[in-house]
Amino acid sequence: MKRFLLILLSLVCIAFCVACGKKAPKINDVVNKDEAVQYKEIFFENNTAYDNKKMTKTGIFTILYDAFNDTERYYVWGYENKDRESGWQWEFSVKDPSELPKAGSEVTVSGKFVANEKALDKKWIENASVKVESEYKDSPCKYDLTTMSPTLSARVQMPNIINHPSKFEDESICVYGKLTEGSVLSSPYEDMAWSIPVTSDEELPEAGSFVTVIGKYDEHGHFVVEKVYTK
C-alpha cells in the first residue's frame, strides 16, 4: 500500500510538472506611447532634430542576429499600447558586448543618437551605457524571438532565418506564432506575414492555435520542433 501511494504521488508530481511546462516564459511589458511617437518622427518623417542629442530609453533588451551582414544587433524596445501588436525599437551600439545582460531583460540605455552607416536604419544610440532594471534569465534559446518587438521578430529576424537557415542550423530558436493547416507556423500579426513548415515527433496542437515553439533547423533546412507551449 505504501509503495502504491509513493508511485501515485510520483505520477501526480510528473503530471504537475508537465502542466507547468505548457506555459512559456514571459518577459515584462513596457508600454510607452511617447516613444512610439518619437520613433515615427525620426524614421518615418525624417525629423533630424534629435540627431547628435543624448537619448535615454527604458525598455526590453534584445539581441538580433543579422545574417545578411553577419553581425549581432542590440535593441531596446517597448509597445505603443496595450494591444501588444505595435511597438518601437531603438538600435544601439556598445563598446563591450560581453557586459550586456540576457535578452528579455528590462534596461535603461543612454547615449548620443547619431547617424551611422553600420546601423540597420542608419541611425542608432552610439557607445551606449546600459543599466539593468530587471534581469530575465528564463530564455532557453540562443535566438529568442519572443524577446523581440513585433517588428523586429516578424520583419527582421524571421526573414533572416528563412533566407539563411544554414546560419541558424543546430541552434535553438524560440518563436511565437499561429499553427495553420499542414503543420505550418505563421506570423501572429496580420500585417507582418511569414510562414515556415515545421515537423515534430509529437502531435502538434490543432490548426488555429497560438503557440510558442522551441526548435532547430536541421541539415535539410527543416525546422524541427522540440517543445511547444500553448498560449
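Scroll up a little and you will see the structure.
Bear in mind the structure is a predicted one, so any value in this text is a computation, not a measurement.

A. How the structure looks around the nonpolar core. Ranked by size, the top nonpolar core spans 29 residues in total, and within it Ile173, Leu185, Ile196, Val198, Val213 and Phe223 carry the most contacts. Counting only elements with at least two residues in this core, the list comes to β1 (53-66), α3 (150-163), β7 (173-180), β9 (195-199), β10 (210-217) and β11 (223-230). In this structure Ile196 touches Met158, Ile162, Ser183, Val184, Leu185, Tyr217 and Phe223, once residues within four positions along its chain are discounted. Met55, Phe61, Trp90 and Val109 belong to the second largest nonpolar core, which has 23 residues in total.

B. How the structure looks around unusual backbone geometry. For Asn46, which is not a glycine, the phi torsion comes out positive at approximately 55°. Counting through the fold element by element, Asn46 comes out in the loop between α2 (33-43) and β1.

C. Local environment of the side chain of Asn160. Positionally, Asn160 belongs in helix α3. Among the polar contacts made by the side chain of Asn160, one reaches the main-chain amide nitrogen of Ala67 at a distance of 2.6 Å. Within the structure, Asn160 has its side chain in polar contact with the backbone oxygen of Val156 (distance 2.7 Å). Apart from residues lying up to four places away in sequence, Asn160 is in contact with Tyr65, Asp66, Ala67, Phe68 and Phe168.

D. Quick look at the pairing of β10. For β10, the buried fraction is high: six of the eight residues fall into the buried class. Looking at chain direction, β7 and β10 are connected through six bridges and run antiparallel. Residue pairing for β10: Ile173 is matched across the bridge by Gly215. Taking the residues between adjacent antiparallel strands as the criterion, β10 and β11 are bridged by five residues, where Gly221 takes a positive phi near 80°.

E. Focus on the state of the cysteines. All told, the structure shown has one disulfide when counted by the stated rule. Across the disulfide, Cys141 is cross-linked to Cys174 (sulfur-sulfur distance 1.8 Å). Note on the Cys141 and Cys174 pair: the S-S dihedral is about 75°, so by sign convention the disulfide is right-handed. Of the two residues, Cys141 is situated in the loop between β5 (123-134) and β6 (143-144) and Cys174 in strand β7; the sequence distance between them amounts to 33 residues. Comparing Cys141 with Cys174 shows no difference in burial state: the two are buried.

F. Inspection of the packing of aromatic side chains at higher detail. A full pass over the atoms with the stated rule returns 15 aromatic pairs. With a centroid separation of 5.8 Å and an interplanar angle of 85°, the aromatic rings of Trp90 and Phe113 are classed as edge-to-face. Taken together, the positions of Trp90 in strand β3 (residues 87-92) and Phe113 in strand β4 (residues 106-115) put the pair 23 residues apart, joining distant regions of the chain. With centroids separated by 5.0 Å and ring planes inclined at 70°, the aromatic side chains of Tyr143 and Phe168 adopt a geometry described as edge-to-face. Here the residue Tyr143 occupies a position in strand β6, and Phe168 occupies one in the loop between α3 and β7, the gap between them amounting to 25 residues. For the residue pair Tyr143 and Phe168, the accessibility class agrees, reading buried in each case. The structure contains a cluster of three or more aromatic residues connected by ring pairs, namely Tyr39, Phe43, Phe44, Trp90 and Phe113. Above the plane of the ring of Trp90 lies Lys57, whose end atom (NZ or CZ) is 4.4 Å from the centre.

Thresholds, definitions, all that
Residues numbered from 1 in each chain as written. Predicted model: local features only at pLDDT ≥ 70, side-chain atom pairs only at ≥ 80, totals over all residues. Heavy atoms only, no water. Core = buried A, V, L, I, M, F, W, Y, C linked by side-chain atoms within 4.5 Å. Buried < 20%, exposed > 50% of the residue type's maximum accessible area, 1.4 Å probe, protein only. Helix = DSSP H or I, 4+ residues; strand = E, 2+ residues; numbered from the N terminus. Contact = heavy atoms within 4.5 Å. Polar contact = N/O pair within 3.5 Å; in protein donor to acceptor, adjacent residues only side chain to side chain. Pairing = 2+ DSSP bridges. Disulfide = S-S within 2.5 Å. Phe/Tyr/Trp six-rings, centres within 6.5 Å; stacked < 30°, edge-to-face > 60°. Lys NZ or Arg CZ within 6 Å of the ring centre and 35° of its normal.

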